[in-house]
Amino acid sequence: MKKLKMGMIGGGTGSFIGDVHRKAASIDGMIQLVCGAFSSTPEKSIASGRDLGISESRCYANYQEMIVKEKKLPEEERMDFVAIVTPNHMHIPPAKLALENGFHVVCDKPVSLTLDEALELEKVIDKSGKLFALTHNYTGHPMVKQAKALVANGDLGNIRKIQAQYLQGWLSTSIEKEGQKQAAWRTDPTKSGIGGALGDIGTHAENLIEYITGLKIEEIAADLGVFGEGRTLDDDGNMLIRMNNGAKGTLSISQIALGEENNLAIKVYGDKGSLEWHQENPNELLTRWLKEPQKTYTPNGNGLYPEALEVSRIPAGHPEGYLEAFATIYKNFATHLNAIKNGNTVEKIDYPTVKDGIRGMKFIYAAVESDKNNASWVKI
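The shown structure was predicted, so the numbers you read here are calculated from the model rather than taken from an experiment. (Residues numbered from 1 in each chain as written. Predicted model: local features only at pLDDT ≥ 70, side-chain atom pairs only at ≥ 80, totals over all residues. Heavy atoms only, no water.)

Draft legend 1. Summary view of unusual backbone geometry. Here the amide bond leading from Lys109 into Pro110 is cis, since omega sits at -10 degrees, within 30 degrees of zero. Locating Pro110 in the fold gives a position in the loop between β4 (104-107) and α5 (115-128). Residues other than glycine seldom take positive phi values, yet Asn374 does so here, at roughly 55 degrees. As for its position among the elements, Asn374 is in the loop between α12 (354-372) and β14 (378-379). A residue is classified by how much of its surface remains accessible, and Asn374, at 73% relative accessible area, is exposed. (Helix = DSSP H or I, 4+ residues; strand = E, 2+ residues; numbered from the N terminus. Buried < 20%, exposed > 50% of the residue type's maximum accessible area, 1.4 Å probe, protein only.)

Draft legend 2. Spotlight on the layout of surface pockets. Looking at the largest pocket, its volume works out to about 1,100 Å³. Every residue lining the largest pocket is counted, 49 residues in all, and those nearest its centre are Ile17, Val85, Gln182, Trp185 and Arg186. Secondary-structure elements contributing two or more residues to the lining of the largest pocket are α1 (16-26), α3 (63-72), α7 (181-186), α8 (189-192), α9 (197-213) and α11 (322-341). Looking at the lining of the largest pocket element by element, the count peaks at five residues for α7. For the lining of the largest pocket, the class distribution of residues is 19 nonpolar, 22 polar and eight charged. By volume, the second largest pocket is sized at about 380 Å³. Considering the residues around the second largest pocket, the lining is formed by 22 residues, among which Lys148, Glu210, Tyr211, Asp350 and Asp356 are closest to the centre. Contributions of two or more residues to the lining of the second largest pocket are made by α6 (142-152), α9 and α12. In terms of residue class, the lining of the second largest pocket is built from seven nonpolar, four polar and 11 charged. (1 Å grid on protein atoms, 1.4 Å probe; cavity = no way out; pocket = protein on both sides within 12 Å on 5 of 7 lines; lining within 4 Å. Points joined across faces, edges and corners; volume = space filled by probe spheres on them. Nonpolar A, V, L, I, M, F, W, Y, C, P; charged D, E, K, R; others polar.)

Draft legend 3. Expanded view of the sheet that holds strand β9 (residues 248-254). Taken in spatial order, the nine strands of this open sheet run β13-β12-β11-β10-β6-β9-β8-β7-β14, and their pairing is mixed. What marks the edges here is a single partner per strand, and that holds for β13 (295-297) and β14. With seven bridges joining them, strand β6 (residues 159-167) and β9 adopt parallel strand pairing. Paired with Lys161 across the strands is Lys248, a residue of β9. Packed on one face of the sheet, α9 meets β6, β7 (217-225), β8 (236-243), β9, β10 (263-270) and β11 (273-278) and runs near 150 degrees to β9. Packing of α12 onto the sheet brings it into contact with β7, β8, β9 and β14, and relative to β7 it is tilted by some 55 degrees. (Pairing = 2+ DSSP bridges. Contact = heavy atoms within 4.5 Å. Axes fitted to C-alpha atoms, helices over the stretch in contact; angles between N-to-C directions.)

Draft legend 4. A look at the packing of aromatic side chains. According to the stated counting rule, one finds six aromatic pairs in the structure shown. On the basis of an interplanar angle of 45 degrees and a centroid distance of 6.4 Å, the ring pair of Phe81 and Tyr330 is categorised as tilted. Linking Phe81 in strand β3 (residues 81-84) with Tyr330 in helix α11, this pair joins segments that are 249 residues apart in sequence. Here the aromatic rings of Tyr138 and Tyr166 are separated by 6.0 Å at their centres, their planes lie at 80 degrees, and the arrangement is edge-to-face. Separated by 28 residues along the polypeptide, Tyr138 in the loop between β5 (132-134) and α6 and Tyr166 in strand β6 bring together distant segments of the chain. (Phe/Tyr/Trp six-rings, centres within 6.5 Å; stacked < 30°, edge-to-face > 60°.)

Draft legend 5. Broad picture of empty space enclosed by the protein. For the coordinates displayed, the defined rule picks out two cavities of 30 Å³ or more. Put simply, the largest cavity is a space of about 50 Å³. Every residue along the wall of the largest cavity is listed here: Leu171, Arg186, Thr187, Gly196, Ala197, Arg231, Leu233, Asp234, Asp235 and Gln255. Looking at the lining of the largest cavity residue by residue, the classes come out as three nonpolar, three polar and four charged. Asn88, Pro110, Ser112, Leu113, Ser192, Gly193, Ile194, Gly195, Met361 and Ile364 together form the lining of the second largest cavity. In the lining of the second largest cavity, the residues fall into five nonpolar, five polar and no charged.

What follows is the structure in structure tokens.
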């Protein structure tokens, strides 16, 4: 099977997330980067492409030029899909243009700047018939797959309580005022949208809750905080959540939790058992049971469901982490796209889509509305 050809929008020299996408896409040997519009500055875009070993003829000045010129190339040469790794406000325009010109899309999260944009994008995707993947990468961990399978197969029984958190400390000081690029756009509502930490990390926690449990957050009561001097967007928040099956829970996020690095964690409690997973220790899934000793699952270890085994790449005891989880999104997307190119169907699509993106945007909007009304309950 030939490698799929990927184009990239954003992710030029010095970009953290662009480099992550490139590494993750290449891990399983199914995808090759062939072109890109890597920066809003034409000179930087071409220089970035040159650094990545891309032919200068396929290093484009902007995404419009890339999509138009790639479409004119013979099918065996042109890109198969485009990865969009820009700040939030620049997700929708290139995504729509790519889809309308016959290209599939992988997009970084959150899906858009506004909820209306996300809903409009869904219409464009449906009309185009093309694939759209959203990189909620934490769902790609083998132990997250195992957690989801445990819930889906009824091992935990009826879900009663959920606790989730995503705590960071990197915005404890106002580094956006010191020229820190990642902080600057994340704290700017014109580039980030109405949610700060909500959009950046809160949507990951929200998505993880719904992915693992198979349930939906139905209502939310949010108390958000803005601690950074001069900031207008939230950098901290605590939320009560009600699930559509009657389960209750809490969701805590922060980017000013001094000393925290990337503390994403979730606990799910049923009436037969419970589970606990920590992103900073991703290769262990701890479970506790009503009438049995506690069990710890590991990638490629004993007792895994097929869903977890399928994405465990290396022998048990060898750690798998952030890049591998990210790669799973690309692998599952590439498997689906290859099936389409070969006239086959995929029974089970296991990667986040625009529907997950819309859920994330509705979560952000509901949390902001709740906070403005003294943490009143708001339906999602």
